[in-house]
Amino acid sequence: MKSFDPTGKGPIGVFDSGYGGLTILEHMLEAMPDNDFIYFGDNARTPYGTRSFQVVYEFTLQCVTRLFEMGCPLVILACNTASAKALRTIQQVDLPKMDPTRRVLGIIRPTVEIIDSLTETRHVGLLATPGTIKSLSYPLEIGKLYPDIKVTGESCPIWVPLVENGLAGSEGTDFFVRQHVERLLTKDPLIDTIILGCTHYPLLIDSIRKFVPERVNILCQGQYVAESLQQYLNRHPEMSARCTTGGTCRFVTTESAQTFLQQASVFLDSTDKLDVSTITFR
């Protein structure tokens, strides 16, 4: 395994298997406009949600390693599937060998930490990809912090393709959103807070709100992940000092740059001036 310069400074890396992590990145850019960022999308190999734990781990480790090689002292896995299936192994097994001064953080823990302040019934719902549901990461993490909270999950395998094909807000999308929301609330009618456990799902928020009672909170991750990152850097000034502050953001994809720009336009207000480059894995 390649070693890295522990004194190096560089941008914050933001990794996702696809495009949904752009919804997380937007909140980070808004909250931390002076920081430099690199967004890495493994778009040629997406989706990760239906892949095995081993494959997700191997792909995620490849991408994290590449971000380290690009100078990132800190990498955020802005992907629920990667956070669920790869984060712990990378943190505990790989980082000590690669470079123990660098950090890789996920987005499940920051989401879980806010739950206690949102739920009164202590019954929480989770809408997520099959991979995230199968991993049980959310119930396990919530159980560690708040053992009295009951978590009920609903797998939504078709929601990501609907978003990426620009169908958010269509009647067909409303049908599938209603189907899964109603299934979730039927499983546990006491749910008063729903976690959107996939970074694509904020683009479906208008449809989701149509079928969720007003009494139910809907938790989108971006704001809380960005706030958690700020708090982390405040607690770790040594890492904050290594994160450069030129106010830049560039994008790396394993797809063609043109394809990335076309798909990213679904998630971002404008893609006209994005700095996008393509890399390949041998």
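For the structure, check the block above.
Undergrad: Sorry, what's going on with the pattern of salt bridges here?
TA: Pairs can form between side chains of opposite charge whenever their charged atoms are close. Tallied over the entire structure, the rule returns 13 salt bridges. One salt bridge connects R109 with E141, and the closest N-O pair in it is separated by 3.1 Å. Of this pair, R109 sits in helix α5 (residues 108-115) while E141 sits in helix α7 (residues 137-145); the two residues are 32 residues apart in sequence, bridging distant segments of the chain. Residue R109 is classed as partly exposed on the basis of its relative accessible area of 37%. The class for E141 is buried, based on a relative accessible area of 11%. For R122, the salt bridge identified is with D148, shortest N-O distance 2.8 Å. In this pair, R122 sits in the loop between α5 and β5 (123-128) while D148 sits in the loop between α7 and β6 (150-155), placing the two residues 26 residues apart along the sequence. Since its relative accessible area comes to 18%, R122 is described here as buried.

Undergrad: I tried to follow unusual backbone geometry on my own but got confused; where do I start?
TA: Cis rather than trans, the peptide bond between T46 and P47 has omega equal to 5°. Position of P47 among the secondary structure elements: in the loop between β2 (37-41) and α2 (53-69). The phi angle at R122 is positive, at roughly 70°, despite the residue not being glycine. Although it is not a glycine, L136 sits at a positive phi angle of roughly 65°. Note that L136 resides in the loop between α6 (130-135) and α7.

Undergrad: Honestly, the sheet that holds strand β7 (residues 193-196) in this entry has me stumped. Any pointers?
TA: Strands in a sheet are paired, the pairing made by backbone hydrogen bonds, and the direction either parallel or antiparallel. Read from one edge of the open sheet, 4 strands run β6-β5-β7-β8, paired in parallel fashion. Single-partner strands in this sheet number two, and they are β6 and β8 (217-219). Along the sheet, successive strands turn relative to each other by an average axial angle of 20°, direction set aside.

Undergrad: Is there a simple way to explain the pairing of strand β3 (residues 74-77) in this structure?
TA: Side chains L74 and I76 project from β3 onto one buried face, and the interleaved V75 and L77 project onto a second face that is buried too. Bridge count between strand β1 (residues 12-16) and β3: 4 bridges; the pairing is parallel. Bridged to G13 within β3 is V75. Where β3 and strand β4 (residues 103-105) come together, 3 bridges link them in parallel fashion. Of the residues in β4, the one forming a bridge with V75 is V104.

Undergrad: How should the environment of A84 be read in this particular structure?
TA: With respect to the helices and strands, A84 occurs in helix α3 (residues 80-85). Counting along the chain gives 23 residues from A84 to I107, while the straight-line C-alpha distance between them is 9.1 Å.

Undergrad: Looking at this model, I keep getting lost on the sheet that holds β1. Mind explaining?
TA: Ordered in space as β4-β3-β1-β2-β9-β10, the 6 strands form an open sheet in which the pairing is parallel. Of all the strands in the sheet, just β4 and β10 (276-278) have a single pairing partner and so form its edges. Averaged over all adjacent pairs, the angle separating strand axes in this sheet is 20°, with direction ignored. Against the sheet, α2 touches β1, β2, β3 and β4, its axis set at about 150° to β3.

Undergrad: How do you make sense of the layout of surface pockets when you look at a structure like this?
TA: One way to see where empty space is left: roll a probe the size of a water molecule over the atoms. Of the pockets and cavities examined, the largest pocket occupies roughly 670 Å³. Lining the largest pocket are 29 residues, with L87, Q91, G106, R109 and P110 sitting closest to its centre. Those elements giving two or more residues to the lining of the largest pocket turn out to be α3, α4 (87-98), α5, α7 and α11 (221-235). In terms of residues, the lining of the largest pocket owes the most to one element, α11, which gives 6 residues. Lining the second largest pocket are 21 residues, with P47, Y48, G49, T129 and V160 positioned closest to its centre. Considering every element that reaches the lining of the second largest pocket, the biggest residue donor is helix α8 (residues 159-164), with 3 residues. Here the residues of the lining of the second largest pocket are counted per class, giving 9 nonpolar, 10 polar and 2 charged.

What counts, and where the lines are drawn
- Residues numbered from 1 in each chain as written.
- Predicted model: local features only at pLDDT ≥ 70, side-chain atom pairs only at ≥ 80, totals over all residues.
- Heavy atoms only, no water.
- Salt bridge = Lys/Arg side-chain N within 4 Å of Asp/Glu carboxyl O.
- Helix = DSSP H or I, 4+ residues; strand = E, 2+ residues; numbered from the N terminus.
- Buried < 20%, exposed > 50% of the residue type's maximum accessible area, 1.4 Å probe, protein only.
- Pairing = 2+ DSSP bridges.
- Axes fitted to C-alpha atoms, helices over the stretch in contact; angles between N-to-C directions.
- Contact = heavy atoms within 4.5 Å.
- 1 Å grid on protein atoms, 1.4 Å probe; cavity = no way out; pocket = protein on both sides within 12 Å on 5 of 7 lines; lining within 4 Å.
- Points joined across faces, edges and corners; volume = space filled by probe spheres on them.
- Nonpolar A, V, L, I, M, F, W, Y, C, P; charged D, E, K, R; others polar.

Scope: geometric values only; no functional claims are made or implied.
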